[in-house]
Amino acid sequence: MTTLYSLGLGLGTQNNNGDWLEVFYPHPLLNPAADTASAIADAIGFDGNNTTLALDGDLLAKLATALQGVDDALASLCETLGGSERPAVLVLLTNDVAPTTVPEAYLKLHLLSHRLVKPHGTDIAGIFGVLPNVAWTSEGAIDLNELADRQLRARMKGQTLSVDCVDKFPKMTDYVVPAGVRIADTARVRLGAHIGTGTTVMHEGFVNFNAGTLGTSMIEGRISAGVTVGEGSDLGGGCSTMGTLSGGGKVVISIGKESLIGANAGTGIPLGDRCIVESGLYITAGTKLNLLDDQNQVVEVVKARDLAGKSDLLFRRNSTTGAVECKTNKSAIALNEELHKNN
């Protein structure tokens, strides 16, 4: 029997040279059933190595026949894709290793946004080098070297080709719309984001790839690459989390459960559960903190990195001295139930 880490069957876009620009997988699979994997492997002559395979109509029909009675949903998808004008692609991943092709990279990003894996739950090392920079337009993905010609052709028809952005990552909602979420501005959530059930991303909120929320959260600030936000935590307007691509190095920044980062605040250290960073205060690993006792007396001076991941802390700036202080957080963070309703 064949065993696979992941399987993706979808439609993609290629440039004039036949290079893949992007791929859409309607139903990516993580650890697919062995009989499904074996049926596909036998149909295509799978050699056991990670495989990216362009599919024509004949091969799609062969796969559909092989999957009948084994995985009827996947067989139906093969039949549907057989009538497409866009090229179909099949990706089989035996092991969870870094992607080497655009279709492999897109499959990993789909696994994240479909909530099949959590951030840091699949290997996407080197993905920037694999993904091409693409013009995302009203006509889909276009190779940058072909953009001017496409714009001219559109205008010759009396049309305007609108370019929404130029980026390696498309917006998530063009590929995946997770259940139970609200996203005010879909352009601010990249494919590869993990948006937990119950999360609201407001207009100024932003969620990068391989990052996101694990449950109910209100996001009005920025979740940078690699950062996770725990159940019941909120990010206030204009706040920031330092990602591994923005100076955080190898330290994985995370926010625990029921924590709050205030408006225009931020953190460059992991926070535990039930922590508060007051509005306007940005904490980095080297920030010197006055540790306060219950009588607000300084008992020790430490660097913020010494408190990384610890729970029940309140970080604030003394309005008189300007010193950054930390004390036990004795107040509970209660989410506004009405605000977080998704239906």
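Residues numbered from 1 in each chain as written. Predicted model: local features only at pLDDT ≥ 70, side-chain atom pairs only at ≥ 80, totals over all residues. Heavy atoms only, no water.

(A) Representation of the pairing of strand E26 (residues 324-328) in the model. Of all five residues making up E26, four are buried, and the element is well covered by its neighbours. Count of turn residues in the strand E25 (residues 313-317)/E26 antiparallel hairpin: six residues, of which Gly322 carries a positive phi of about 85°. (Buried < 20%, exposed > 50% of the residue type's maximum accessible area, 1.4 Å probe, protein only. Helix = DSSP H or I, 4+ residues; strand = E, 2+ residues; numbered from the N terminus. Pairing = 2+ DSSP bridges.)

(B) Expanded view of the pattern of salt bridges. Enumeration over the complete set of coordinates arrives at six salt bridges. Ionic pairing is found between Arg150 and Glu139, a salt bridge with its closest N-O pair at 3.0 Å. Here Glu139 lies in the loop between strand E6 (134-137) and strand E7 (140-143) and Arg150 lies in helix H6 (residues 147-156), a separation of eleven residues in the sequence. Residue Arg150 is classed as partly exposed on the basis of its relative accessible area, which comes to 21%. Assessed through its relative accessible area of 34%, Glu139 is described here as partly exposed. The partner of Glu325 in a salt bridge is Arg316, with the nearest N and O atoms 2.9 Å apart. (Salt bridge = Lys/Arg side-chain N within 4 Å of Asp/Glu carboxyl O.)

(C) Just the packing of aromatic side chains, in detail. Summed over all chains, the structure comprises five aromatic pairs. On the numbers, 6.0 Å between centres and 45° between planes, the contact of Tyr106 with Tyr175 is tilted. Here Tyr106 is found in helix H4 (residues 102-113), whereas its partner Tyr175 is found in the loop between strand E8 (163-167) and strand E9 (182-183), with 69 residues between them in sequence. A relative accessible area of 0% means that Tyr106 is categorised as buried. A residue is classified by how much of its surface remains accessible, and Tyr175, at 10% relative accessible area, is buried. Considering the side-chain rings of Phe169 and Phe209, the 4.3 Å spacing of their centres and the 15° angle between planes classify their relative orientation as stacked. With Phe169 in the loop between E8 and E9 and Phe209 in the loop between strand E11 (206-207) and strand E12 (212-213), the pair connects residues that are 40 residues apart, well separated along the chain. (Phe/Tyr/Trp six-rings, centres within 6.5 Å; stacked < 30°, edge-to-face > 60°.)

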